[in-house]
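Notes for the structure review
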Amino acid sequence: MIGVLGAYLRGVFNYFLDISGLLALTIKESRHLLHPARRNIFWMMFKRQLYNTGVRAIGINTAIALIIGSLMMARLYAVLPPGKSMVEFYANFFVIVVIRELGPLISGVILIARSATAITAELGHLKLYNEFEVLKAQQMSPIFIFLLPVFFAFPLSLLLMFIFFNAVSISSAYLVILLDDPSLSFTVFLSAILAKITGLEVVITLSKALIGGSLIGLISLHFCGRVAGRFTDISRAISSSTTAQLITFFTLNVVLSLMAYKL
Amino acid sequence: MSLHVANFYLGFDELSLFEDAAIEIAAGEIVCLATGVLDGGTSFLKACAGIVPFQRGTLLVDGDDINQLPPEQIFRKVAYCYESGGLVSLFTVYNNIALPLKYHRNFDNEFIVKRIQFVAEQLEIADILEYDVHQLNDVQLRLVNLARALVIRPRLLLADELQSGMSPAMREKILAILKRYCNETGASLLMTTTAGDSHSIAERVYRIENKKIVLE
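Residues numbered from 1 in each chain as written. Chains lettered and ligands numbered in written order. Predicted model: local features only at pLDDT ≥ 70, side-chain atom pairs only at ≥ 80, totals over all residues. Heavy atoms only, no water.

This part covers the pairing of strand β4 (residues 56-61) of chain B. All names here are of chain B. Pairing between strand β1 (residues 3-12) and β4: five bridges, direction antiparallel. The partner of V5 across the bridge, within β4, is L59. Linking two consecutive strands that pair antiparallel, namely β4 and strand β5 (residues 64-65), is a turn of two residues; a positive phi of about 55 degrees is found at D62 within it. (Pairing = 2+ DSSP bridges. Helix = DSSP H or I, 4+ residues; strand = E, 2+ residues; numbered from the N terminus.)

Listed below in structure tokens is the structure:
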């Protein structure tokens, strides 16, 4: 029993050590960005990653934001007293529920489900077929070519997804409110929401995107590094990384929200 | 560029491939290493390119210990052509050839395009430069590997079973290109060969026997 517990704790300790090592290695390899030609290679890979991760997620992001924004407002009407101007209440509710919590969480889940799994599969494939060795044979850094663009593109994509999600859900919520209160102008509604967004709100959202996105990327890279010689190693890497990413991202969100808004 | 290998030991886990092996190649020489099945020819070439670490021995490229050379120096001196694979599947053929040059050298784009086009036309692969790697057959893969090596203009070229699958005419054409390259640049060539391959351009042919490299 003690042996099993020890092995588990050692595994957890090694996991955190690996993630920290990977972070240090990624930061170290950023030095290549000072080399103009290498910066061009990075830029090519970064744009590809940002397009795949951020831009191509717009469709699913829009669909979910429309549903969440309109559904929440529709449900809210069911509990609000009729005939009363509730713009302040809507705005407050929106900032607390959607902008603070749901937007980041759902955007993170979309990033994990759409892009992190794809990156784990893609890099796992490269590892399985010794394509990292090919770069090493050309004296090129695989960390710089493949991992650095992911490390930088994931947080930026997540931040863009947060902003996009919030914009679409605000619009869809407004459309639902119009059904009940056609006199409410979009400017008034938007101003009420913006008035509720404090500097702390911005800092926490940025932290969730930047720390969360980086961690999601690093966890994908960590698990693709575990792919050895079997094809099933890739499936295992995807499964393990998705679990770890969901736990990490939800924990990060809860911890940051509690620290910022509760303590 | 010379290659000096002495007292060379290489193995993986329990498998020992080379014990006290040695080979000497002078600048500008073309040498073939006839290999059998799983006798370590590929691993030997990879060790010479600094890709696979060896356990013991001396491996000097132009008098410099390969393990002490910085990556940029290895890149300029040594190029290894894979027998299979050797390309990154995320990139097109062109990018596979161009990226190492862009990564290590500050050549402008126009210069890189011209150099790649020149080598691609020589090797008759100009029409597949925009292909993805999965669209290539085995011979094309080897030719792209060779093109990537030639655009670097290495001083030591290590080619692993390059001739496999080629027609006799194509084989002679490629060997002539390699011979001309070595004559013009003073580069050395170490090429592993297998049954049916031509040794016509080689000044010496070695083979692997009892974990050593012996003259044929």
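The interface of chain A with chain B comprises 23 residues on the first partner and 24 residues on the second. Here chain A meets chain B over a buried area of about 2000 Å², counting both sides, of which 61% is carbon and sulfur. The largest contributions to the chain A side of the interface with chain B come from R38(A), Q138(A) and Q139(A), which together make up 31% of the buried area. The tally of links from chain A across to chain B stands at two salt bridges. With a closest N to O distance of 2.7 Å, E72(B) and R38(A) form a salt bridge. Broken down by secondary-structure element, the contributors of at least two residues to the side of chain A that touches chain B are α2 (36-53), α4 (87-128), α5 (131-137) and α6 (142-180) of chain A. It is α2(A) that provides the largest number of residues to the side of chain A that touches chain B, a total of six residues. A class-by-class count of the residues in the side of chain A that touches chain B yields twelve nonpolar, six polar and five charged. (Contact = heavy atoms within 4.5 Å. Buried area = accessible area lost by both parts, 1.4 Å probe. Salt bridge = Lys/Arg side-chain N within 4 Å of Asp/Glu carboxyl O. Nonpolar A, V, L, I, M, F, W, Y, C, P; charged D, E, K, R; others polar.)

Another aspect to go through is unusual backbone geometry. All names here are of chain B. Phi angles above zero are rare outside glycine, and D20 is one such case at about 55 degrees. Relative to the helices and strands, D20 is located in strand β2 (residues 15-25). With a phi angle near 55 degrees, D62 is a residue other than glycine that sits in the positive phi range. Tracing the backbone shows D62 in the loop between β4 and β5. Using a relative accessible area of 42% as the deciding quantity, one classes D62 as partly exposed. (Buried < 20%, exposed > 50% of the residue type's maximum accessible area, 1.4 Å probe, protein only.)

Let us look at the nonpolar core. Within soluble globular proteins, side chains that are nonpolar generally end up buried alongside one another. With 113 residues, the main nonpolar core has F146(A), F189(A), F8(B), F44(B), L59(B) and L190(B) as its most contacted residues. Excluding its chain neighbours within four sequence positions, the residues that come into contact with L190(B) are L3(B), I23(B), I25(B), V31(B), L33(B), F44(B), L45(B), L157(B), L158(B) and A159(B). If you look at the next biggest cluster of nonpolar residues, it comprises 48 residues, including V93(B), I125(B), I201(B) and A202(B). (Core = buried A, V, L, I, M, F, W, Y, C linked by side-chain atoms within 4.5 Å.)

Moving on, we get to the confidence of the model for chain B. With 100% of its residues at a pLDDT of 70 or more, chain B shows a mean pLDDT of 92. Under the prediction, the complex receives an ipTM of 0.84, its pTM being 0.84. (pLDDT = per-residue confidence, 0-100.)

Bringing the sheet that holds β4(B) into the picture now. Residues and elements named next belong to chain B. Spatially, the four strands line up as an open sheet ordered β2-β1-β4-β5, and their pairing is antiparallel. Among the strands making up the open sheet, the edge pair consists of β2 and β5. Where β1 meets β2, seven bridges bridge the pair, whose relative direction is antiparallel. Bridge pairing in β2 places V5 opposite I23. Of the strands in this sheet, β1, β2 and β4 are in contact with helix α1 (residues 41-48), which crosses β1 at around 125 degrees. (Axes fitted to C-alpha atoms, helices over the stretch in contact; angles between N-to-C directions.)

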